[in-house]
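One-letter residues, chain by chain:
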Amino acid sequence: MRPVKVDTSSPHTRNSPSAGGGGWSPAPEDQQPWLQLTLRDRLEVTAISTQGRWGSEHWVRRYQLLYSDTGHNWRQYRHESVLWTFTGNRDADSEIHHKLPHSIRTRFLRLVPLQGSPRGGAGLRVELYGCAYKSDVADFDGRSALLYRFNQKSMSTAKDVISLRFRSQQAEGVLVHGAGQKGDFITLELQQGKLVLQLNLDDAKLLSRGGLTSVSLGSLLDDDHWHSVLIERFNKQVNFTLDHHTQHFRTQGQEDTLELDYEISFGGIPLPGKPGTFLKENFHGCLENLYCNGVNVIDQAKRRKPQIFSGNVTFQCSETQPVAVTFHSSDSFLILPINLGMETFSLRLQIRTWNAESLIFHATLDQELQPLILCLHLNDGQLLLALHGCGTDSIVQVINDGQWHSVGLDIKDQQIFLSVDRQRPVSADIELITSLIVTWKHIVSHFCVIQGCPESLNGTGCESCSPMGFQGCMRLIFVNNHPVDLLQVQQGMLGNYNQLDFDVCSIQDRCTPSFCEHGGQCYQSWSQLYCNCSGTGYTGATCHNPIYRQSCEAYWKTGRPSGTYSIDVDGSGPLEPTLVNCSMTVDRAWTVVSHNQTQLIKVRGSTLQSPYTWTLNYTLPLNHLRNLVTTSDHCQQEVVYHCRRSRLFDNWDGTPLSWWVDRDGEKRTYWGGFLPGVQQCSCSLEGNCMDMNYFCLLSYKDHLPMKEIFIGDTNRTDSEAAFQIGLLLCHGDRYLWNSASFYQGPLYFHIPSLQSDLSVDISFYFKTSSSSGVFLENKGQQDFIRLELSSPSSVTFIFDVGDGPINLTLMSPEPLNDRQWHYVQVDRNVKEALLQVDNLTPQIYGAPHEGHVHLQLSTTLFLGGTASRQRGFQGCLRALTLNGLSLDLEERAKTTPGVSVGCPGHCNSDSVCLNQGRCVEERNSYACDCSHSAHTGPHCRTAVSAAFESSSSVTFNFEERSSRGRSESSKPSPARTEVRRTRDRITFGFMTRHAPAVLLLAQTHTQRYMAILLAKNGSLHIKYHLDQGRGSDMFSPKCSNLANEQLHWIHLNREGLDVSVQVGYFLSIVSNATSQHSAHIFCVAEADFLDPEITRAGFIGCLTSVQYNEAAPLKDALLNHRSSRVRVSGRLSESSCGTHSTPNVFSTTHSLPDQAGKGNRAKEPLKEAAHNESALIGGEAAPVVERDRSEVTLKLT
């Protein structure tokens, strides 16, 4: 590579041997050093090498790169959207070489040291590797275009390839357009900073049939940086690539050729009104290396070829670029000197941000009577102007959408004007403010502060404005119509600043592409993305975790009655939740799936050549049915067949005359009671059929459900058949007790690598007597995951996605190698990682904001050990699930030497422990541990219920099952203190005829609470107060009068910020319940702070099966009188509570609004409070003594 010119951030640097050694090092006083390399022409840089400064103790241990074509408007080097940090040197002489993950084409390169030598500071020698880069460039001014004219009148193509690179400061503009008279067209354009490709191959008359295809890629593309585009079309298949992201799609409609007339234009549409144009704005910016089906369009234009018409196009890219500044921290600020000793004042600037709350500008105006503080800030994404001490506000449009917005503030003629973009200014009369007596020419301010109110500026008046600092970009700042030179600010020649990045706008769109799964809606702040999971049926940081259980069997084990339930048959997999009927019996739960015809159907006149056909349409999609049948222990479908002179098969040659088709479309000729291959019903073979009636029960579940039936022998005299297809019935969970035993040394299963790029979840049960062992391990080239029993009482989850190993360890207060079953769950996504063991408090690691997100695994997953055959697990594993997919351990154990099918012990598929009861192995049998269940009895089946009077109350203090844990990382994680995805589960039944009433109240020592109430009309209300600065909020599920002396069930689950409330079958989801102070909705104020409505309402009736996480407070109050955790006041008596009656059931879905500001999605969720709770169920609220952070107080009155 040719010699380069070197520029630095320091006016005085050491860069020659005569100064003490060869190389560069910044001046000691330079707090933000950088080394800039000027490459003269544009080059393609592919690698970089560094050494320390020769003969010194100066070197750079970590650094980042920025690059630019103009020496301004720098771009940070990123790979896969991650700000890339290069590892530097550990001494002055060793050479560290890095091949760039992707090359960069640039004229200027800036190296920014992040960490220098601990002894001597930063210093380096640098060498670049690459090659010359030649390109053809065209500049468009918004009124120009390049027209590529065809040799013939029209052109019809089955294959097209268009490639180009572009850069622009404008968010709107057409880059490519071509159209035909029949309605075909192709348009590539910028829309709000996104690149949109519109393609229609059909006649314009057919557009109403859906022939138009529109696909968008990217975001924030008006950054004046180069972006590469490639469009490849073959018939209806299209590959659309922007930079390194490709989207594959098929065009809609019927045609597969693109017919264009006369020409295709680039950079704009010279003649508005063509089909598909809709008067779009032309492109303003530069195009480079523009190829259309192999033709170099710009080169042809430069050589003035007749096929190319270039109107007002120049062939050199203009380099006029405004200097931007990035406020990357809430503590960032910029102070500029101003003089308000005049009759007018004006401020102009452009801003770009995602944050909904922030201070943009403030100035303290000194006047004779009192200081006047002028504030310009964002509130809920709206721009507000406030004169504190005078009290006037102006509100305009929402501008926290990541786009550039122009903001103007003018004070003149006793009026204040505020404007945004091209909107009409909003004005306020100063004369109406009585406290402002003097005219503006007597008001003087010596400085203004753009953004922020750090502690160093306390006393300037900014504390009376918005407390949230601005995070975003600013440019084109004018004060009193004078431009502010931001480079002079950077050099210390003008004003003052803190934590600013000059000549760069580092805003990121964290929602393009979206990391929210299952249809969750992505929104973001400056540094974080969030997912709104409302209405998806999923929860968690990225909507990955299912809310609903996977089967009726799972609902049955929690004591649910028969009814309609939503199930998620593949857990976190791609299949959406769906409704099924669950029929609960004493010993099992049946999943019932209906179809479009369950009545008897009579058939006449059918033949083998023209059989009667009936197609079954089920209430579940086919993929759901297949998954349901596969995961069930047993499935069956009844077929009732009546016939007269009609045969199932030909008696002479065995040819089937009637048959059915299975779920995979395969023809089946066997009937109920026998395996495939037997063309009769079992009663026919056994000789016990009733006269002319055949009753068949299909139970070979690999072929169920029946998809179609064909009847083909009813065309003879008096011949007739009638059939009736029953419902699909399934029960059991095939994989819950599917287990394997590892007992003979370091053995393992080979399983295909996890599909875990952006998210992974793993769950299983284990039991062992060993003190340690690796459960599973999966590796890539650098990334890996490992899950192990690291000690007799701890489980460790270790993973690395490129930021260094992360270690989550959860330590149980009780041994885990006690030969009892223990549950393990791990989740990892782009936001966080979680480790859960049994019901202990999970360990959670928050991913860094600028960290790697892709977990790239490529080798075999080893289950029960590692590839090195060390530290293998010895014991039993069961119910292993990977990303919602259950693995058949027993089938794999059959072919693995040293691993046996099943697991010794009495806790197996025949053991029944319900309602959170835990199966405990005993010498000759098993027992159900009901200590953490709200039920009693041998199988935890008997509900504990109590009758309450108006004066009854129970106060219950309980400690959660605490766990010790640690989270270790090789690098600091700024997200570790963010919201923790803790969990709460509350279940109870009630019966009353009195309303209003308190059903449950959860509270803490701070002024926060959550209450489940019955209103005067008997409807259910969820009332909560999460923010001390706001009043209480309420959510009302859509349900009828519940004070009707019938038993109703409440199931309330919370996971992180997502809450679901189920009344019977009707589910309500509360998603992203954020608060300024707490996201823990069960943290409630003490009784002194409660609403009068809550303190007055009592409960008279019956409560049953009260479960709060692992605690059963009502059960302890009735059956454990000696417990120091229980205090009972008034009369409390056991009652059946109508538990044998069938409860009424219904459900709904809701999202808690943002407690801090009208539910704006761009706000960051805040940290949850400590898990220090109290709860009242039924009756008057009374003061509750504050407990330790690990305790919860539950009050039943």
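See the structure above.
Everything numeric here is computed off the predicted structure, so don't read it as measured data.

S.K.: Explanation requested: the sheet that holds strand β49 (residues 658-661) in the structure shown.
M.R.: In sheet architecture, strand pairing relies on hydrogen bonds along the backbone and comes in two forms, parallel and antiparallel. Here we have four strands laid out as an open sheet, ordered β47-β52-β49-β50, and antiparallel in their pairing. Unpaired on one side and paired on the other, β47 (612-615) and β50 (667-668) mark the two borders of the sheet. Bridging between β49 and strand β52 (residues 708-711) involves four bridges; their strand directions are antiparallel. Across the sheet, the residue bridging to Ser658 is Ile711, located in β52.

S.K.: Hey, could you run me through the sheet that holds strand β13 (residues 173-179) in this one?
M.R.: Taken in spatial order, the seven strands make up an open sheet running β16-β15-β14-β13-β20-β11-β23, and their pairing is antiparallel. One side of each edge strand has no neighbouring strand; the edge strands of this open sheet are β16 (212-217) and β23 (308-311). Sheet twist, expressed as the mean angle between neighbouring strand axes with direction ignored, is 20 degrees. When β13 meets strand β20 (residues 258-266), the two strands line up antiparallel, connected through three bridges. Bridged to Gly178 within β20 is Ile264.

S.K.: Sorry, what's going on with helix α4 (residues 622-631) here?
M.R.: Owing to its 3.6 residues per turn, the α-helix brings residues three or four apart onto one side. Among the residues making up α4, those that are buried are His624, Leu625, Leu628 and Val629. The buried residues of α4 all sit within an arc of 125 degrees when viewed along its axis, so they share a single face. On the buried face of α4, the contacting elements are β44 (578-584), β45 (589-593), β48 (634-644) and β53 (720-731).

S.K.: Explain the environment of Thr246 to me, please; I cannot follow it from the model alone.
M.R.: Tracing the backbone shows Thr246 in strand β19 (residues 245-250). Along the primary structure Thr246 and Val229 are separated by 17 residues, whereas in three dimensions their C-alpha atoms are 9.7 Å apart. Setting aside residues no more than four positions away along its own chain, Thr246 makes contact with Asn239, Phe240 and Thr241.

S.K.: Got a minute to help me understand the pairing of strand β76 (residues 997-1003) in this structure?
M.R.: Within a regular beta strand, the side chains point alternately toward one face of the sheet and then the other, so they alternate between its two faces. Most of β76 sits out of view: seven of its seven residues are buried. The pairing of β76 with strand β77 (residues 1009-1014) spans six bridges and is antiparallel. Residue pairing in the sheet places Leu1001 in a bridge with Ala1011 of β77.

S.K.: Looking at this structure, I do not really get the state of the cysteines. What am I missing?
M.R.: A covalent bond between the sulfur atoms of two cysteines is referred to as a disulfide. As enumerated under the stated definition, the model contains twelve disulfides in all. Cys1102 shares a disulfide with Cys1137; S-S distance 2.3 Å. Within this pair, whereas Cys1102 is found in strand β83 (residues 1101-1108), its partner Cys1137 is found in the loop between β85 (1132-1134) and β86 (1173-1177), the two being separated by 35 residues in sequence.

S.K.: Explain the packing of aromatic side chains to me, please; I cannot follow it from the model alone.
M.R.: Under the criterion given, the structure shown has 24 aromatic pairs. With 6.2 Å between their ring centres and 70 degrees between their planes, Phe948 and Phe1099 make a pair best called edge-to-face. Of this pair, Phe948 sits in strand β72 (residues 945-948) while Phe1099 sits in the loop between α7 (1092-1096) and β83; the two residues are 151 residues apart in sequence, bridging distant segments of the chain. Since its relative accessible area comes to 3%, Phe948 is described here as buried. Since its relative accessible area comes to 0%, Phe1099 is described here as buried. Members of the aromatic cluster, joined through ring pairs, are Phe742, Phe764, Phe766, Phe775 and Phe873. Directly above the ring of Trp659 sits Lys667, whose terminal nitrogen or CZ lies 4.2 Å from the centroid. Here the basic side chain of Arg878 rests over the ring of Trp737, its NZ or CZ set 3.7 Å away from the ring centre.

S.K.: Even after reading the chapter, I still don't get the pattern of salt bridges, so can you show me in this structure?
M.R.: Side chains bearing opposite charge may pair, as long as their charged atoms lie close to each other. Counted according to the given criterion, the structure contains 30 salt bridges. Ionic pairing is found between Arg143 and Asp141, a salt bridge with its closest N-O pair at 3.5 Å. A salt bridge links Asp299 to Arg303; the shortest N-O distance between them is 2.9 Å. If you follow the salt bridges from partner to partner, you end up with Arg42, Asp69, Arg165, Arg167, Asp224 and Glu288 in one network.

Basis of the calculations
- Residues numbered from 1 in each chain as written.
- Predicted model: local features only at pLDDT ≥ 70, side-chain atom pairs only at ≥ 80, totals over all residues.
- Heavy atoms only, no water.
- Pairing = 2+ DSSP bridges.
- Helix = DSSP H or I, 4+ residues; strand = E, 2+ residues; numbered from the N terminus.
- Axes fitted to C-alpha atoms, helices over the stretch in contact; angles between N-to-C directions.
- Buried < 20%, exposed > 50% of the residue type's maximum accessible area, 1.4 Å probe, protein only.
- Arc of directions from axis to C-beta.
- Contact = heavy atoms within 4.5 Å.
- Disulfide = S-S within 2.5 Å.
- Phe/Tyr/Trp six-rings, centres within 6.5 Å; stacked < 30°, edge-to-face > 60°.
- Lys NZ or Arg CZ within 6 Å of the ring centre and 35° of its normal.
- Salt bridge = Lys/Arg side-chain N within 4 Å of Asp/Glu carboxyl O.

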